[in-house]
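# Survey of secondary and tertiary structure
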Amino acid sequence: MAAEGHNVDANLVDMRPNHGHYFVKKTFGKPAYCHHCCDKIWGMLTTGYSCEMCNFVCHEKCLRTVVSYCSSVALQLIKNPVAHTWSAPCLIKRKYCCVCRKRTDDALSVECEVCEYYVHVDCSDLAVSDCKEAATYVANMESANTVQYHHMREGNLPKESKCIVCRKTCFSTECLAGMRCEWCGQTAHAVCYRQMDKECDFGVLRKIMLPPMCLTIPRTELPMEQLLNISSHDQPQSLSSPSKIQADDVSTSGEDVKEREDFEIIRVFDGNNSYRSQISRNIVVAKHVSVQQVRDAALRRFHINDTPERYYITQVVGEVEEEILEDPVPLRNVKRPEGKRAQIFIRYYDDPDKDEVKVYGGWLRKVPVTFCAISVSKDTVVQDLVTDALYHFGLDGSCWNRYNLIEVSLDRGVAERTCNPQENVLQLVRNLRKDSLRRYHVVRFYVQEKEDPHDHAVFVGNLPVSLAQRQYERILLKLLGAKEKPFTAIGPIYFEYGSLIITFNTPKAATAAVQKLQSAIYEEKKLIVLCLPNVQPQMIPKDVEPLLVLVNVKSGGCQGTELIQSFRKLLNPFQVFDVLNGGPLVGLYVFRNIPKYKILACGGDGTIGWVLQCLDIAKQDAACFSPPCGIVPLGTGNDLARVLRWGGGYTGEENPMDILKDVIEADTVKLDRWAVVFHEEERNQPTSSGNQTEMNEQTMNNPEDQTSMIIMNNYFGIGIDADVCLKFHNKRDANPEKFQSRLFNKTQYAKIGLQKMFFERTCKDLWKRIELEVDGRIIELPNIEGIVVLNLLSWGSGANPWGTSKEEGNFSKPTHYDGLLEVVGISDVSRLGLIQSKLAAGIRIAQGGSIRITTHEEWPVQVDGEPHIQPPGTITILKSALKAQMLKKAKKSRRGGATNATSLTHPHPETSESMSGPLGVPSTLGDPNHGKTTPDNTAADSDEEGDAFL
């Protein structure tokens, strides 16, 4: 996007009064397309027009009807700037840069995680901070008086997009063309979109959208990535600071300027800061150009779209001195340091007595104009400027002390600074111009109320589990280095997970605490610290049930990452959470005051169980006691998802929009949940010492210390199936890097099964060594090596051990909400493989609402795919008082993706369901720290136990 200084005035068409373009007549040697009408510019060596600043290309016939704004003036069109959240740099296919309008698959590029904004890394310092404004709550304003407007973005439209106005195709694969609303997804031509209704209704997702007008976010200096709970990426140089543009990057109409003697490359500095850091931009100009042409080329290179006569050019003389260039042909006498290019400054003609400052109303209530221009003198201070601005906005200027003047910089993001009321405004503006003209043009002044309606809540995780509140307070005070509490409240406290919420009075105190705690480590664990948004439930329309999206990004390989990015773009990004960063409790706390909402859990069976378990904890203080939960199956087994018709696995081919539509149409059903209580039998210990005797007596007197409990959603197993599952888990834990594909996992399962069949029949005669009671009746067992207790008719990646034959005897048709469990026997390893291969069924033993198994030796057991060795004792399965409502996909909505295990994309087995929660690990009753593991241990979706024996 170099400024081309050789252009003749007759060829230059200045479109600044309308849309900011600097069009130059150009001969195209390659096929080109008009960005206005999307038609090809026909003919060999045909001529058209191209903007020198943004590369907008058009026919001569389209020149006077262009309505698309140049990227150099896009910043001026923003009312309230919002910083983008950039992805990691990569080559992005079939997209176009929103700054230079060129393809993004030709150079490293980044995209916003929240909106459809794509930009080259080299163009990123010119990117416009106009991301979706997802939190717009205004205090004391009723829901009926709020209006949501479209957020239009040019180009990169989906295929087959139709104009909402003229009903014709409006997308193009050859150039950046067409307009689309980031909220409702409506598309239109650039010449048609102004005829659209200004008000946005969120389109087909309205019923599950969390409206921006009900959300507030903290006024902090923290980056948007942290507010959105998005893992930060390592930014390339151009995203963290302006890059030094080299001569090789600059060309004139495709020719190599370095080999032409009549052109020269000049380094341009826009202020003292850029000169001190030696950060410049290069322009290419003909040696015979005038000083005005050099000035105009320099302004265009910095995307400064202003009256050129207000600026002048100086050249660098020595280290700090400057000399104004007044020669009509300046390059004749410009000084060139030995072995270096000529260096010039671009400066602004300052009026020593007065100036004009634009002040924006921003989020002030009922402001009739976006901004007002106020004249300032040498004596004007910030307090006076605020007073004048309030009068212009139709507010009471005498109440200036209730407002702050905020200096907002839009240079590579959004940075804020509160101005001192006695700060001299004229000197402030002059200093900005002197330091950097580019920065001056991307700085705005906003009037903002001092009273912040936001509740400054901070989530802190990875603390020790099951401590008292006073102990947590001491830990926080120590980490914050404070003698007195800097926070106003602590709680709720999620003791089982070592997580809590602390609340602050001011954004300054919250920001300081977050910055300290972010780098804190306690007991060799790095804390998880998040600033949380605040939902105002009274602003949510009555017919809207917002969707809380919880995604395990490591499920299904990279599918979780792709899915969460799609959901952030389709919905409000503040209603989408990564459960690996704080767990489901973060999202559940944010939604705690919403009286009616839905949940979409994206992960395997382990993730679903984790979400339900956290919901059991969080719903005690929530307005919605039991929100229904839908599933996007990203794991391997996905048995619960199969039963609820969500399919056997997300393949990546499904459209995320279709998934959300399915959630809207889904039916609500109940899911029985069961408590699996493990009680170890009392064992006599050696009494050689008095201390040991005392310990045994204490154990005898406290039988609860030997009791633990797990909530079961899917199934329970004891014997051969749990033994194979345990063996596989041990091997995977020892070498997690080897278990990278589903095929390898199947091979390992088959290998373990063969070993068990021929060499290690440790579960032989299980039917003689355990006792089974169903509803108080002792059941005589057949010759089996394993027992599976089913809550669902799906087990081990879609197999059905109960079978599909007609019901026999007193057995009723099983469902997941009938209050009954099905007990199935597995005769040996070979039968286990046949069941998994769907070639046979197990042995139906019993059906009942209460199961009791008595053992006199250690046995491998598993609950929902999580195995462990259980000591001798009793295992009781009872119906839990914890209920769950699930979303069952309606029969009429069927996505095109496959619904069987063979069509799954191979997940990352080692990390596909890694999480911080107690799912599948016995949590001991009475003493939470006593038992097999503590609740902060990670659990994994272990759906692979049924993946073998094909």
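Anything mentioned here points back to the structure above.
Quick look at the structure, then. Note that the structure is a prediction, hence the values are computed from the model and not measured. (Residues numbered from 1 in each chain as written. Predicted model: local features only at pLDDT ≥ 70, side-chain atom pairs only at ≥ 80, totals over all residues. Heavy atoms only, no water.)

If you look at the biggest cluster of nonpolar residues, it comprises 136 residues, and the most contacted ones within it are Y117, I502, F567, L600 and M886. Grouped together as the second largest cluster of nonpolar side chains are 28 residues, I710, I770, V823 and I877 included. (Core = buried A, V, L, I, M, F, W, Y, C linked by side-chain atoms within 4.5 Å. Buried < 20%, exposed > 50% of the residue type's maximum accessible area, 1.4 Å probe, protein only.)

Here the focus is the packing of aromatic side chains. Scanning the model with the defined rule gives 14 aromatic pairs in all. The interplanar angle of 35° and the centroid separation of 4.6 Å between the aromatic rings of Y312 and Y349 together place this pair among those described as tilted. Of this pair, Y312 sits in strand β13 (residues 311-317) while Y349 sits in the loop between β15 (343-348) and β16 (354-360), placing them 37 residues apart in sequence. Of the residues examined, Y349 reaches a relative accessible area of 49% and is grouped as partly exposed. Counting every residue linked through ring pairs, the aromatic cluster contains F269, Y275 and F345. Against the face of W183 rests K132, its NZ or CZ located 4.5 Å from the ring centre. The side chain of R300 reaches across the aromatic face of Y22, ending 5.1 Å from its centre. (Phe/Tyr/Trp six-rings, centres within 6.5 Å; stacked < 30°, edge-to-face > 60°. Helix = DSSP H or I, 4+ residues; strand = E, 2+ residues; numbered from the N terminus. Lys NZ or Arg CZ within 6 Å of the ring centre and 35° of its normal.)

Turning to empty space enclosed by the protein, a few remarks are in order. By the definition in use, this model includes four cavities of 30 Å³ or more. In this structure, the largest cavity spans a volume of roughly 70 Å³. Surrounding the largest cavity, 13 residues form its lining, L227, L228, N229, P533 and F577 being those nearest its centre. When residues of the lining of the largest cavity are traced back to their parent elements, those giving at least two are α1 (224-227), β26 (528-531) and β29 (576-578). Broken down by class, the residue content of the lining of the largest cavity amounts to eleven nonpolar, two polar and no charged. Of the domains in this structure, domain 4 (456-532) and domain 5 (538-668) are the two that each give at least three residues to the lining of the largest cavity. (1 Å grid on protein atoms, 1.4 Å probe; cavity = no way out; pocket = protein on both sides within 12 Å on 5 of 7 lines; lining within 4 Å. Points joined across faces, edges and corners; volume = space filled by probe spheres on them. Nonpolar A, V, L, I, M, F, W, Y, C, P; charged D, E, K, R; others polar. Domains from an automatic or database assignment.)

Let's shift gears to helix α6 (residues 425-435). Taken together, the buried positions of α6 are occupied by V425, L426, L428, V429, L432 and R433. Buried residues of α6 fall within an arc of 165° about the axis and therefore sit on the same side. With a side-chain oxygen lying 3.1 Å from the backbone nitrogen of L426, the N-terminal cap of α6 falls on N424. (Arc of directions from axis to C-beta. Polar contact = N/O pair within 3.5 Å; in protein donor to acceptor, adjacent residues only side chain to side chain.)

Before going further, it helps to examine the sheet that holds strand β7 (residues 152-154). One open sheet holds the three strands; their spatial order is β7-β8-β9, and the pairing between them is antiparallel. What marks the edges here is a single partner per strand, and that holds for β7 and β9 (187-188). With three bridges connecting them, β7 and strand β8 (residues 179-181) associate as antiparallel partners. Its bridge partner lying in β8, R153 is registered against R180. (Pairing = 2+ DSSP bridges.)

Right, let's get into the pairing of β16. In this sheet, strand β17 (residues 371-377) lies alongside β16 in antiparallel orientation, the contact comprising seven bridges. When the bridges of β17 are listed, D355 appears paired with V376. Pairing between β16 and strand β20 (residues 443-449): two bridges, direction parallel. In the strand pairing of β20, V359 is matched with F445.

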